[in-house]
Amino acid sequence: MKILAIDTSCDETAVAITSGRRVLSHLEYTQIQTHKKWGGVVPSIAKRAHAEKIDYAVESAVSKAKKIDPNISLANIDAIAVTVGPGLAIALEVGILQAKKLAAEYKKPLIPINHMEGHIYSCFAENSKGLPKREFLFPYLAFLVSGGHTELVLVKSHLEYQIIGRTRDDAAGEALDKGARLLGLGYPGGAALERLAYVAHNTDEFRFPRPMLHSGDLDFSFSGLKTSLLYFLKKIAESEKNNKIHEIASSYQEAVFAALSKKAEIAIKSTGVKLLVCGGGVAANNRLRSLLRNLMKGVGGKAYFPPYKYLTGDNAAMIGIAAYYRWEKQMFARNMDVIDRAPRLSLENSINLI
Ligand code: KG4
Ligand code: ZN
């Protein structure tokens, strides 16, 4: 069975065609260069860029998938999946309208999907040859680390989620981006911090405060850490900042990741899970991957990350894969007119999307 999936939740116009967990084609048109000069995503610009690209993205996804299966066409796919939230309302709307239009024109069922659910399923994506092979070991822990979210989620079975930890202010990716901006590394800054930290061998020379380590729960808070970097930079001379930029970047990244891995460790031990899956933009980071892998090794379990680079950022392949598990339960939109954007949609409320 084949699904055409669309995601326009933020600054990527993404379309994919999936077959079960296999990705037959995927396209992500990024707007990052357009938003860069504003230092963040501007919703009205994102909406316009999505609207300009969406028809072409759908056509291209179909023609790319034909190289793997020449029979694929919009007329013979089985369903259309679309992200309805969370995300930027007016950006989400572009994808939802497109999905509704195609579903009506080709008389296909419509499957609404939570974007964060997609980030979880991104870890189970397979290429067109069915690799890598991975198992769902329920219950497992999903760690979602992106520019907008930091959540620890207990996944009890397909579509059954319990959020057991979340950020109280900035998301992990946002904390990295804000730190990188203070250091003059541009936007978004997660990958730039990783590069500098790597050069400094992930040193923790400046030991910035570890936020919320002893809060007694599984929540996160990063706004204080960003403030401590700001004060630190005010105290030192520009020349010292320049000389020590690698070590400062590395220490900042270590402080963010210490909070992430400590809370993940508590969650793993208290739930007894043997599988951790980590998705979202920050899951691209190799330092974080090795910290989380080590945690799971310590309890005789394993950690999965998105198996291909494009799956760490926003993409539609992950939406198609999540949709497959709704398809199995025949969870289609009963009335397309009530399917609407849900900018603040939570995973725990997503079972009732239809
Ligand atoms: O999931 P994503 O592409 O977009 C959403 O927020 O939904 O995540 C973007 C975030 C940004 O904060 C970016 O700085 C971060 O992912 N990121 C990274 C790396 N690559 C992207 N953070 C740390 N290390 C990286 N290599
Ligand atoms: Zn995302």
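Source: prediction; values computed, not measured.

**With respect to the overall build of the protein chain**
Broken down by element type, the protein chain carries 11 helices and 10 strands. At 20 Å, the protein chain has a C-alpha radius of gyration in line with the 20 Å of a compact globule built from 354 residues. Projected onto the principal axes, the alpha-carbon positions of the protein chain cover approximately 65 × 45 × 35 Å. Taking contacts inside the protein chain between residues at least 6 apart in sequence as the whole, the part at least 24 apart equals 73%. Distance between charge centres in the protein chain, computed from 46 positive and 35 negative side chains, equals 3 Å.

**Description of the sheet that holds strand E8 (residues 160–166)**
Here we have 5 strands laid out as an open sheet, ordered E8-E7-E6-E9-E10, and mixed in their pairing. Each of the sheet's edge strands pairs with one partner strand only, and the pair in question is E8 and strand E10 (302–304). Averaged over all pairs of adjacent strands, the angle between strand axes in this sheet comes to 25 degrees, irrespective of strand direction. Here 4 bridges tie strand E6 (residues 140–145) to strand E9 (residues 275–279), and the two strands are oriented parallel to one another. Residue Leu-144 lies in a different strand from E9, and its bridge partner there is Gly-279. Against the sheet, helix H9 (residues 245–271) makes contact with E6, strand E7 (150–157) and E8, and its axis sits at roughly 165 degrees relative to E6, the strand it touches most.

**Points about the site of ligand 1**
The environment of ligand 1 is formed by 20 residues, the closest being Gly-147, Asp-177, Glu-194, Gly-281 and Asn-285. One of the backbone nitrogen or oxygen atoms of Gly-173 is found 3.2 Å away from an oxygen atom of ligand 1. Note that an oxygen atom of ligand 1 is positioned 2.6 Å from one of the side-chain N or O atoms of Asp-177. Relative to its free-state accessible area of 560 Å², ligand 1 is covered by the protein chains to the extent of 82%. Every element with two or more residues in the shell around ligand 1 is listed here: helix H4 (115–121), helix H5 (172–182) and helix H6 (190–199).

**Notes on unusual backbone geometry**
In this structure, Pro-86 follows Gly-85 across a cis peptide bond, with omega equal to -10 degrees. Backbone torsion omega between Leu-131 and Pro-132 reads -5 degrees, so that peptide bond is classified as cis. Tracing the chain through its elements places Pro-132 in the loop between H4 and E6. The phi dihedral of His-201 is positive, around 55 degrees, even though this residue is not glycine. Secondary-structure assignment places His-201 in the loop between H6 and helix H7 (223–235). Classification of His-201 by relative accessible area gives exposed; the value is 69%.

**Considering H9**
If you check H9, its first and last C-alpha atoms are 39 Å apart, about what 27 residues at 1.5 Å a residue would give, namely 39 Å. Counting buried positions along H9 yields 19 of 27 residues, so the element is predominantly enclosed. Immediately beyond the C-terminal end of H9, within one or two residues, lies Gly-272, with a positive phi of roughly 75 degrees.

**Things to note about the packing of helix H2 (residues 43–66) against helix H3 (residues 89–106)**
Two elements in contact, H2 and H3, have axes separated by 8 Å at closest approach and are oriented at 25 degrees. It follows from the interaxial angle that H2 and H3 lie roughly parallel. In terms of crossing hand, the pair formed by H2 and H3 is right-handed. Here H2 contributes Pro-43, Ser-44, Lys-47, His-50, Ala-51, Ile-54, Asp-55 and Val-58 to the contact with H3, which in turn contributes Ile-90, Ala-91, Glu-93, Val-94, Gln-98, Lys-101 and Leu-102. For the contact of H2 with H3, the class distribution of residues is 8 nonpolar, 3 polar and 4 charged.

**Side note on the pattern of salt bridges**
Taken as a whole and judged by the stated rule, the model has 18 salt bridges. Across the pair Asp-69 and Lys-2 runs a salt bridge, and its minimum N-O distance is 3.8 Å. With Asp-69 in the loop between H2 and strand E4 (79–85) and Lys-2 in strand E1 (residues 2–7), this residue pair connects regions lying 67 residues apart in the sequence. Across the pair Asp-170 and Lys-178 runs a salt bridge, and its minimum N-O distance is 3.2 Å. We classify Asp-170 as buried; its relative accessible area is 8%. Looking at Lys-178, the relative accessible area reads 25%, which means it is partly exposed. Where salt bridges share partners, they join Arg-168, Asp-217, Asp-219 and Lys-263 into one cluster.

**Section: the coordination of the zinc ion (ligand 2)**
The zinc ion (ligand 2) binds to the protein through His-115 (NE2), His-119 (NE2) and Asp-314 (OD); the donor distances cover 2.1 to 2.2 Å. With 4 donor atoms in place around the zinc ion (ligand 2) and angles of 90 to 144 degrees between them, the coordination shape is irregular. In the primary sequence, the donor residues of the zinc ion (ligand 2) line up as H-x3-H-x194-D. One end of the pair, His-115, is in helix H4; the other, Asp-314, is in the loop between E10 and helix H11 (317–328), with 199 residues separating them in the sequence. Just as His-115 is buried, Asp-314 falls in that class too.

Quick notes on the rules
- Residues numbered from 1 in each chain as written.
- Chains lettered and ligands numbered in written order.
- Predicted model: local features only at pLDDT ≥ 70, side-chain atom pairs only at ≥ 80, totals over all residues.
- Heavy atoms only, no water.
- Helix = DSSP H or I, 4+ residues; strand = E, 2+ residues; numbered from the N terminus.
- Rg over C-alpha atoms; globule rule 2.2 N^0.38 Å.
- Contact = heavy atoms within 4.5 Å.
- Lys, Arg positive; Asp, Glu negative; His and termini not counted.
- Charge placed at Lys NZ, Arg CZ, Asp CG, Glu CD.
- Pairing = 2+ DSSP bridges.
- Axes fitted to C-alpha atoms, helices over the stretch in contact; angles between N-to-C directions.
- Near = heavy atom within 4 Å.
- Polar contact = N/O pair within 3.5 Å; in protein donor to acceptor, adjacent residues only side chain to side chain.
- Areas by Shrake-Rupley, 256 points an atom, 1.4 Å probe, with all protein chains shown as cover.
- Buried < 20%, exposed > 50% of the residue type's maximum accessible area, 1.4 Å probe, protein only.
- Expected span 1.5 Å × (residues − 1).
- Parallel < 35°, antiparallel > 145°, perpendicular 65-115°, else oblique.
- Left-handed = near helix turned anticlockwise from the far one by under 90°.
- Nonpolar A, V, L, I, M, F, W, Y, C, P; charged D, E, K, R; others polar.
- Salt bridge = Lys/Arg side-chain N within 4 Å of Asp/Glu carboxyl O.
- Donors = N, O, S within 2.8 Å, 3.2 Å for Na, K, Ca; no water.
- Tetrahedral: all angles 85-135°; square planar, octahedral: opposite > 155°, others 65-115°.

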